[in-house]
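Fold and geometry: a report
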Amino acid sequence: MRLTMGGVKPPYTLPTKTKLPKRSTDAVPHQLKLGKKWNEYHGSNNWEGLLDPLDEKLRVEILRYGKFVESTYNSFVFDTSSPLYGTCQHPKHSLFHRSGLPGTGYRLTKNLHATSGIQLPRWVDKLPSWASKQSSWIGYVAVCQDKEEIARLGRRDVVVAFRGTATSLEWLENLRSTLTQIPNIASSSDILPYHHRPMVESGFLSLYSSSARKYQSLQNEVREEISRLLQSYGDEPLSITIAGHSLGAALATLTAYDITKTFKHAPSVSVISFGGPRVGNPSFRHEVEKNGIKILRIVNSTDIITKVPGFIINDHEDGEEHRVLLFPKMHTTLLSPVFIQTVLCSVLVGSEFLKLKDLMSESEARLANSCMQDVSG
């Protein structure tokens with residue numbers, strides 16, 4: 001795979017309805033059944049004892065959720081010359097099949113959209129429409145419907161998957177690194193000094209909470225769908241797993257927090273974060289932990305994004321600087337079709353790391369190294 005500055009050019013027209021293949025009964029080996037220990041693999045004990053060495057069942061689950069994230073990239077229309085730019089190129093009923101993820105056992109129930117809250121000047125009307133596109137497809141909600149997969153997982157699982165930054169305004173939102181106080185925080189936090197209150201980066205919060213004429217906010221889309229699913233399946237073992245890459249990982253954290261604050265009896269909520277930036281200050285992290293949200297961070301130790309000039313986010317606590325890539329189209333070919341092999345290089349949970357050789361098989365590691373050489377060449 002060769003990294004180029006050009007974007008992916010998917011078809012301009014939506015594909016027609018096709019008959020989906022049945023899920024293969026031997027798609028996942030029986031020995032990978034989670035059963036009654038599913039809570040441990042969902043992070044109930046912060047994955048204690050499963051990371052070093054990496055448990056094979058957990059490894060399979062990480063890769064499985066990574067593929068859900070990959071499908072968001074494979075489904076997004078990146079081509080700015082297309083009238084469908086910024087939308088999902090596949091209908092709900094066939095998205096998994098057409099994005100290279102057949103036989104998941106999940107059914108996509110809701111498309112999700114993110115809207116930038118940036119107020120644009122009038123002269124923007126003179127620019128191409130793609131440059132000022134405020135709302136775009138960001139991911140989906142899907143629920144496990146296959147009885148065999150539910151039995152393997154030990155519960156019915158709801159997955160929320162988010163892609164990373166793609167549109168111009170999303171990149172501008174990434175630049176808005178100033179911290180802002182988040183809503184729905186207990187009033188007791190108001191007595192704290194301002195800089196000690198739970199806060200998140202304003203750009204991430206804007207994309208999560210802003211709405212437009214055509215689309216309500218991502219926050220409301222998620223709330224409505226989770227509410228509906230809880231009414232349908234709330235009387236059985238249920239989990240919510242939110243997975244995202246880059247910007248999507250930041251939105252995944254905000255989504256998890258919002259779900260636990262909105263629904264009093266929310267089921268187990270975990271985040272699988274691929275290459276995610278810091279979302280908020282230490283007080284926000286405390287809020288996340290207090291609400292029982294478990295976050296498994298997957299970080300690529302050789303990520304090209306960490307090695308090129310970008311804007312700097314100052315942590316304000318330890319003075320550590322973080323650089324972020326400023327080239328919006330560079331990731332489009334980097335992540336597909338080998339997202340898993342190029343992104344999953346080490347796992348970070350607190351201070352715990354897993355090396356590439358622990359997460360991947362020998363053949364997968366060889367493919368990853370080959371891909372990264374092609375990307376940097």
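Below is a summary of the structure that appears in this document. (Residues numbered from 1 in each chain as written. Predicted model: local features only at pLDDT ≥ 70, side-chain atom pairs only at ≥ 80, totals over all residues. Heavy atoms only, no water.)

Let's talk about the overall build of the chain
If you tally the helices and strands in the chain, you get 13 helices and twelve strands. The buried share of the chain, taken over its 377 residues, is 51%. Of the roughly 18000 Å² of accessible surface on the chain, 52% is carried by carbon and sulfur atoms. (Helix = DSSP H or I, 4+ residues; strand = E, 2+ residues; numbered from the N terminus. Buried < 20%, exposed > 50% of the residue type's maximum accessible area, 1.4 Å probe, protein only. Areas by Shrake-Rupley, 256 points an atom, 1.4 Å probe, with all protein chains shown as cover.)

Looking at the packing of helix α5 (residues 168–175) against helix α6 (residues 202–209)
Following both chains from N to C, one finds α5 and α6 inclined at 140°, their axes separated by 6 Å at the closest point. Classified by the interaxial angle, the pair formed by α5 and α6 is oblique. On α6, the residues touching Glu170, Glu173 and Asn174 of α5 are Gly203, Phe204, Ser206 and Leu207. (Axes fitted to C-alpha atoms, helices over the stretch in contact; angles between N-to-C directions. Parallel < 35°, antiparallel > 145°, perpendicular 65-115°, else oblique. Contact = heavy atoms within 4.5 Å.)

Some details on the packing of α6 against helix α8 (residues 247–262)
Pairs of packed helices are described in terms of their axes, by the angle between the two and the distance that separates them. It is the contact of α6 with α8, at a shortest axis distance of 10 Å, that shows an interaxial angle of 65°. By the criterion of interaxial angle, the relationship of α6 to α8 is roughly perpendicular. Crossing angle aside, the handedness with which α6 passes α8 is right-handed. Contacts between α6 and α8 involve Phe204, Leu205, Leu207 and Tyr208 on the former and, on the latter, Leu247, Ala250, Leu251, Leu254, Thr255 and Asp258. (Left-handed = near helix turned anticlockwise from the far one by under 90°.)

Quick look at the side chain of serine 202
With respect to the secondary-structure elements, serine 202 resides in helix α6. Note on serine 202: relative accessible area 11%, which makes it buried. In contact with serine 202, other than residues within four places in its own chain, are Arg176, Thr178 and Thr180.

Some remarks on the packing of aromatic side chains
According to the stated counting rule, one finds eight aromatic pairs in the structure shown. Aromatic pair phenylalanine 68 and tyrosine 106: ring centres 5.0 Å apart, planes at 70°, arrangement edge-to-face. With phenylalanine 68 in helix α2 (residues 56–75) and tyrosine 106 in strand β1 (residues 106–115), this residue pair connects regions lying 38 residues apart in the sequence. Tyrosine 106 carries the same exposure label as phenylalanine 68, and that label is buried. Pairing phenylalanine 76 with phenylalanine 78 gives two aromatic rings, centres 4.9 Å apart and planes at 70°, and the pair type is edge-to-face. An aromatic cluster of three or more residues is present, and its members are Tyr65, Phe68, Phe96, Tyr106 and Tyr140. The ring of phenylalanine 76 has arginine 163 lying over it, and the distance from NZ or CZ to the ring centre is 4.2 Å. (Phe/Tyr/Trp six-rings, centres within 6.5 Å; stacked < 30°, edge-to-face > 60°. Lys NZ or Arg CZ within 6 Å of the ring centre and 35° of its normal.)

Details of the side chain of glutamate 170
Tracing the backbone through its elements, the reader meets glutamate 170 in helix α5. What makes glutamate 170 buried here is its relative accessible area of 1%. Contacts of glutamate 170, omitting those with residues within four sequence positions, involve Ser136, Ile138, Arg163, Gly164, Thr165, Leu207 and Leu247.

What about the pattern of salt bridges?
Tallied over the full model, the rule gives 13 salt bridges. Arginine 64 serves as the salt-bridge partner of glutamate 61, at 2.7 Å between the closest nitrogen and oxygen. Of the two residues, glutamate 61 and arginine 64 both sit in helix α2, three residues apart, roughly one turn of that helix. Across this residue pair, the class does not change: glutamate 61 and arginine 64 are buried. A salt bridge links glutamate 287 to lysine 290; the nearest nitrogen and oxygen atoms lie 3.1 Å apart. A residue pair is termed a helical-turn pair when its members lie 3 or 4 positions apart in one helix, as glutamate 287 and lysine 290 do in helix α9 (residues 282–290) at three residues. (Salt bridge = Lys/Arg side-chain N within 4 Å of Asp/Glu carboxyl O.)

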